Amino acid sequence: MTYPLSPEEFQTTLAQDAEQRYHHFLQQAVLHNEVWILKDDEGCVSLSTDDEVCIPVWPHPDYAKAWAGNDFAACEPYAVPLKTWLDRWVKGMSEDGVAVAVFPLADADGVVEDPATMADDLLRKMAKLNRKK
């Protein structure tokens, strides 16, 4: 279930630097138990750099749509339940040597992280939020 995202929150978050967006992503992914990717009929979108392949992720479908723009207009945001991400995707991506591009923007890169490291950060965030309850 997607949380409501106001235009103000959308713009404020887009103005953050990559590290701030990374932490925003962790917070929202844990609070809402989902990770957003882009996919089409052939599977999920991946990006290639000189030395690695990455799967981009976002905390909300609106950010994914904004990043997709015209280049990936045929792609749709797709929610991966956080448990599925942690139980299946992290293992598969690690085995395949695929990194995670966390919260890239159309005009700015996101934090590129090893899937296991990002999973550890998500689990730490989960533990921290559970202690506050």
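Residues numbered from 1 in each chain as written. Predicted model: local features only at pLDDT ≥ 70, side-chain atom pairs only at ≥ 80, totals over all residues. Heavy atoms only, no water.

**Student:** Please clarify how the overall build of the chain should be interpreted in this entry.
**Tutor:** Looking only at helices and strands, the chain features 5 helices and 7 strands. Scanning the chain from its N terminus toward the C terminus, one meets helices and strands in the order α-α-β-β-β-β-α-β-α-β-β-α. Over its C-alpha trace the chain gives a radius of gyration of 14 Å, about what one expects of a compact globule, namely 14 Å for 133 residues. Dimensions of the chain, computed from C-alpha atoms along their principal axes, come out at roughly 40 × 40 × 25 Å. Within the chain, the proportion of its 133 residues that are buried is 41%. Of the contacts made within the chain by residues no fewer than 6 positions apart, 68% connect residues no fewer than 24 positions apart. In the structure as shown, the chain presents an accessible area of about 7,600 Å², 49% of it carried by carbon and sulfur atoms. Both charge centroids of the chain, one from 12 positive and one from 23 negative side chains, sit 13 Å from each other. (Helix = DSSP H or I, 4+ residues; strand = E, 2+ residues; numbered from the N terminus. Rg over C-alpha atoms; globule rule 2.2 N^0.38 Å. Buried < 20%, exposed > 50% of the residue type's maximum accessible area, 1.4 Å probe, protein only. Contact = heavy atoms within 4.5 Å. Areas by Shrake-Rupley, 256 points an atom, 1.4 Å probe, with all protein chains shown as cover. Lys, Arg positive; Asp, Glu negative; His and termini not counted. Charge placed at Lys NZ, Arg CZ, Asp CG, Glu CD.)

**Student:** Sorry, what's going on with the sheet that holds strand 2 (residues 43-44) here?
**Tutor:** The pairing of strands in a sheet happens through backbone hydrogen bonds and is either parallel or antiparallel. Taken in spatial order, the 3 strands line up as 2-1-5 in an open sheet, and their pairing is antiparallel. Where the open sheet ends on each side, the last strands, each with one partner, are strand 2 and strand 5 (76-81). As judged from the 6 bridges shared by strand 1 (residues 34-40) and strand 5, these two strands associate in the antiparallel manner. Residue Trp 36 lies in a different strand from strand 5, and its bridge partner there is Ala 79. The strands that helix 4 (residues 82-96) touches are strand 1, strand 2 and strand 5; relative to strand 5, the one it contacts most, it runs at about 80 degrees. (Pairing = 2+ DSSP bridges. Axes fitted to C-alpha atoms, helices over the stretch in contact; angles between N-to-C directions.)

**Student:** I tried to follow the side chain of Lys 125 on my own but got confused; where do I start?
**Tutor:** Looking at the element boundaries, Lys 125 is found in helix 5 (residues 115-132). Despite being buried, Lys 125 has no salt bridge partner; Asp 121 is the closest side chain of opposite charge, sitting 9.6 Å away. Reaching out from Lys 125, the side chain makes a polar contact with the side chain of Gln 27 at a distance of 3.4 Å. (Salt bridge = Lys/Arg side-chain N within 4 Å of Asp/Glu carboxyl O. Polar contact = N/O pair within 3.5 Å; in protein donor to acceptor, adjacent residues only side chain to side chain.)

**Student:** How should the nonpolar core be read in this particular structure?
**Tutor:** If you look at soluble globular proteins, the nonpolar side chains tend to sit buried side by side. Phe 25, Trp 85 and Leu 122 are the most contacted members of the largest nonpolar core, which totals 37 residues. Those elements that provide at least two residues to this core are helix 2 (18-32), strand 1, strand 4 (53-57), helix 3 (61-68), helix 4, strand 6 (98-102) and helix 5. Sequence-distant contacts of Leu 122, that is, excluding residues within four places in its chain, are made with Phe 25, Leu 26, Ala 29, Val 30, Leu 82, Trp 85 and Leu 86. (Core = buried A, V, L, I, M, F, W, Y, C linked by side-chain atoms within 4.5 Å.)

**Student:** Would you take a moment to explain the packing of aromatic side chains for this structure?
**Tutor:** Describing an aromatic ring pair means giving the distance of the ring centres and the angle of the ring planes. Scanning all chains against the criterion turns up 5 aromatic pairs. When the ring of Phe 10 is compared with that of Tyr 63, the centres are 5.1 Å apart and the planes differ by 10 degrees; the resulting orientation is stacked. On the criterion of sequence distance, the pair formed by Phe 10 in helix 1 (residues 7-14) and Tyr 63 in helix 3 is long-range, its members being 53 residues apart. In this structure, Phe 10 and Tyr 63 share a single accessibility class: buried. Measuring from centroid to centroid gives 5.0 Å for Trp 67 and Phe 72, while their planes differ by 20 degrees, and the two rings are stacked. What links up through ring pairs into an aromatic cluster is the set Phe 10, Tyr 63 and Phe 103. In this structure, Arg 21 packs its charged tip against the face of Phe 103, placed 5.7 Å from the ring centre. (Phe/Tyr/Trp six-rings, centres within 6.5 Å; stacked < 30°, edge-to-face > 60°. Lys NZ or Arg CZ within 6 Å of the ring centre and 35° of its normal.)

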